[in-house]
Amino acid sequence: MRVAGAQIENVVGDLDGNAERILDAMRWAEDEGADVVVFPELALTGYPLADLVLREDFVQHALDVLEELGRESMHTAAVVCTIDRVPPRRSWDTRDRSLAIGAAVLCGGQVRGVYHKMLLPNYEIFEEARNFAPGDRPDALWRIGETVAGISICEDMWSGDGPPEAQAAAGAQILLVPNASPFHQEKPAGRLALASQVAKRNGTPVVYVNCVGGQDELVFDGGSLVVDADGELVYRAAQFEAERFCVEVQASPPRRCSGHLTTVHTRPAPTRPPLPVRALALQGSEDYQVWQALVLGTHDFARKNGRDSAVLGLSGGIDAAVTAAVAADALGPGRVLGLALPGPHSPEADSHDAQLLAAALGIRFECVPIADITARIEEGLAGLLDPPVPLEANAALEARTRAAMLWAVSDQGGYLPLATGNKTELSVGSAAVHGDMAGAFAPLKDCPKTLLYRLARLRNNREPAIPQRILDRTPTAHAEEDGGGLPSYEALDPIVERYLEKGEAYEELVEAGFDPELVRFGLQTVDDAEFERRQTPPGVRITSRAFGQDLRMPITNAWRPYRAATAAQAEGGIAGGTLREG
């Protein structure tokens, strides 16, 4: 069977633009002599849709566009994933409609049928059960030429006893699987392992087609796969870019069909010249893939929201340096403006390092001291605050002044304002609310601090850009003279990672050998910082548990099992979180 895959860009809501990309790929697959072309999950509508599907006009437009695509379809069958109306299946559902995620099969000028996704993920970033109904035909089969195919959609593959197993048992000789699988650090290797397991378990080749592109906090990295019936990799598409591919897949021998079979077409495979085969390895190290995700996520967030340039504060620190490098790669150096905004106590070397960074990256640079501005604000506050503003509050005031400057430049110049904070500091709440993390997008929001140094060195391997003094500089949060004093990031990051991403409790972390007081400090600060995190902009997700859609904790939360209640706390009633100063 000659199978084409169209790893197209994921653009939510752009029904007409997505349809143009789909139709163009359908025509290309026809020219390639493909028997079938497979598109990603929700290729027509974009993914994820969230509550956009509650808009009846959006749903109707999607259905109308699908019918138009059906009329344009040719001999090559096309598996186009979209939304579909289905009868309500719950007696308590008072809505006049229900929706399903469907894979429509188009061929010969019409829509030949629709397979409805059965397993709806409702964990981590996924909440499909909120708006979609599950399908009810796990054994749906499609005769395409001389081959019987099963179609599953993304999560359908993950159960170990789901639609792929039902379809193979019912006679499927090949499995076609549209996907919208977002990136995180372990995901690319995990996808291949999964596709290989499904293929070997069912004795059928698997064609796994993923989408590509940034959508708010998510990045879809492509990396579509074709594996044979023995689970061996036949083809891997590129990561972080759109691609079309066409491969010859050896279908399993014919089996007795006992499922619900729809004939798409019975045209026998013509004599065609063989296609070259290439199986790509994963592109670069895990850190390289993270860098690509940060660049693509930043590029697409800006572009898809009508911005082609960005502004950020350059402090002379590692966070700002890596953010600037990501922005330069994402948008082009000439479209990035770095602002050094030194306060009254800022070391002169910091602005000098920021200027060196900007010159090495080729981005625009301006230095605007804010000492006079903060002094006027302090004068205005003098009659309101007694005693005078402490040093920590002064630091927060400077951070918020810088944020006001960045937003003013953004409003006047049409720049996308980038926040520069990282996951570790966001975890423990060491950034000033509406200060350090102010912006419209935070590329490093899900990057632990220790990862930033690896990313900086990775970027410098390509060309020197981030000055060595920035890499060697002691982070402000650790400098006692700057009001910091956090534990080292090398000690703190593993605790935060295991607590947030693996859900390990205090006792488990202490058993693993971490210092009890450091564990208590880490967990306490993470739990107390929920309010601060809610004030932050979206950012690229690169771990399996990111703040935002992944981790949704209550702000008002008294659960602190690792902290013994003192007499004072007991008298106060609730030993919980606080809206902390600064």
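For the structure, see preceding data.
Here is what the cut-offs are and how they apply
- Residues numbered from 1 in each chain as written.
- Predicted model: local features only at pLDDT ≥ 70, side-chain atom pairs only at ≥ 80, totals over all residues.
- Heavy atoms only, no water.
- Helix = DSSP H or I, 4+ residues; strand = E, 2+ residues; numbered from the N terminus.
- Buried < 20%, exposed > 50% of the residue type's maximum accessible area, 1.4 Å probe, protein only.
- Contact = heavy atoms within 4.5 Å.
- Areas by Shrake-Rupley, 256 points an atom, 1.4 Å probe, with all protein chains shown as cover.
- Pairing = 2+ DSSP bridges.
- Right-handed = clockwise from strand over helix to strand, strands pointing away.
- Axes fitted to C-alpha atoms, helices over the stretch in contact; angles between N-to-C directions.
- Salt bridge = Lys/Arg side-chain N within 4 Å of Asp/Glu carboxyl O.
- Parallel < 35°, antiparallel > 145°, perpendicular 65-115°, else oblique.
- Nonpolar A, V, L, I, M, F, W, Y, C, P; charged D, E, K, R; others polar.
- Expected span 1.5 Å × (residues − 1).
- Polar contact = N/O pair within 3.5 Å; in protein donor to acceptor, adjacent residues only side chain to side chain.

**Q** Hey, could you run me through the overall build of the chain in this one?
**A** Within the chain, the secondary structure is distributed over 17 helices and 19 strands. A burial count over the chain gives 55% of its 582 residues as buried. For the chain, the proportion of contacts with a sequence separation of at least 24, taken over those separated by at least 6, is 75%. Looking at the chain as shown, the accessible area adds up to about 24300 Å², and 52% of this sits on carbon and sulfur atoms.

**Q** Would you take a moment to explain the pairing of strand E9 (residues 206-209) for this structure?
**A** Taken residue by residue, a regular strand's side chains alternate between the two faces of the sheet. Here E9 shows no split at all, with Val206 and Tyr208 on one side and Val207 and Val209 on the other all buried. Sheet analysis places strand E8 (residues 174-178) next to E9, joined by four bridges and oriented parallel. In the strand pairing of E9, Pro178 is matched with Val209. The parallel pair E8 and E9 is bridged by helix H4 (residues 187-202), and the resulting crossover is right-handed. Where E9 and strand E12 (residues 225-227) come together, three bridges link them in antiparallel fashion.

**Q** Explain the sheet that holds strand E5 (residues 110-116) to me, please; I cannot follow it from the model alone.
**A** Strand pairing within a sheet occurs via backbone hydrogen bonds; the two strands may be parallel or antiparallel. Across the sheet, which stays open at both edges, the six strands sit in the order E5-E4-E3-E2-E1-E14 with mixed pairing between neighbours. Bordering the open sheet on either side are E5 and strand E14 (243-248), each of which pairs with just one other strand. Each neighbouring strand pair of the sheet contributes to a mean axis angle of 35 degrees, computed without reference to strand direction. Two strands pair when backbone bridges link them, and strand E3 (residues 77-86) and strand E4 (residues 98-107) are joined in this way by nine bridges, in the antiparallel orientation. Note that in E4 the partner of Arg85 across the bridge is Leu99. Most of the contacts of helix H2 (residues 56-72) go to E3, to which it runs at about 150 degrees, and overall it touches E3, E4 and E5.

**Q** Before we go on, may I ask you to explain unusual backbone geometry in this structure?
**A** Of all residues except glycine, most have a negative phi; of all peptide bonds, most are trans. Residues Tyr47 and Pro48 are joined by a peptide bond in cis, for which omega reads 0 degrees. Its location among the elements puts Pro48 in the loop between strand E2 (36-38) and H2. Positioned with a positive phi, Asp216 is a non-glycine residue whose angle comes to about 55 degrees. With respect to the secondary-structure elements, Asp216 resides in the loop between strand E10 (212-215) and strand E11 (218-221).

**Q** Whenever I open this one, the pattern of salt bridges confuses me. Can you help?
**A** Working definition: two side chains of opposite charge can pair if their charged atoms are close together. The full count for this structure, using the stated rule, is 32 salt bridges. Between Arg130 and Asp51 there is a salt bridge, and its shortest N-O distance comes to 2.8 Å. Highlighted residues: Arg130 in the loop between E5 and strand E6 (140-144) and Asp51 in the loop between E2 and H2, separated in sequence by 79 residues. What you see here is one network of salt bridges that share partners, running through Glu9, Asp300, Arg303 and Lys304.

**Q** Even after reading the chapter, I still don't get the pairing of strand E18 (residues 364-367), so can you show me in this structure?
**A** Two strands pair when backbone bridges link them, and strand E17 (residues 336-340) and E18 are joined in this way by four bridges, in the parallel orientation. Bridged to Leu337 within E18 is Arg364.

**Q** I tried to follow the packing of helix H5 (residues 286-304) against helix H11 (residues 449-462) on my own but got confused; where do I start?
**A** Angle between the axes and distance between the axes are the two parameters that describe a pair of packed helices. Packing of H5 against H11 leaves a shortest axis separation of 10 Å and a crossing angle of 85 degrees. By the criterion of interaxial angle, the relationship of H5 to H11 is roughly perpendicular. In this structure, H5 uses Asp287, Tyr288, Val290, Trp291 and Leu294 to contact H11, whose residues at the interface are Leu451, Arg454, Leu455, Leu458, Arg459 and Arg462. Among the residues forming the contact of H5 with H11, the class breakdown is seven nonpolar, no polar and four charged.

**Q** In this structure, what is going on with helix H15 (residues 516-528)? I would like to understand it.
**A** Helical periodicity: at 3.6 residues per turn, an α-helix aligns residues three or four positions apart in one direction. Spanning 13 residues, H15 covers 18 Å between terminal C-alpha atoms, matching the ideal 18 Å at 1.5 Å per step. Where H15 is concerned, the buried positions are Leu518, Val519, Gly522, Leu523, Gln524, Thr525, Val526, Asp527 and Asp528. On its buried face, H15 sits against helix H10 (423-428), helix H13 (489-500), helix H14 (506-511) and helix H16 (530-534). Structurally, the start of H15 carries an N-cap: the backbone nitrogen of Glu517 is 3.2 Å from a side-chain oxygen of Asp515.

**Q** I would appreciate a short explanation of the sheet that holds E6 in the present structure.
**A** The strand order across the open sheet formed by seven strands is E13-E12-E9-E8-E7-E6-E15, and the pairing between neighbours is mixed. The sheet terminates laterally at strand E13 (233-236) and strand E15 (260-265), the two strands that pair on one side only. Within the sheet, the average angular offset between the axes of one strand and its neighbour, ignoring direction, is 20 degrees. In this structure, E12 lies alongside E13, joined through three bridges in antiparallel fashion. Residue pairing across strands places Val226 opposite Tyr235, the latter belonging to E13. Across the sheet, helix H3 (residues 163-170) is in contact with E6, strand E7 (147-151) and E8; its angle to E6 comes to roughly 55 degrees.

So far we have only geometry, and geometry alone does not tell us how the molecule works.
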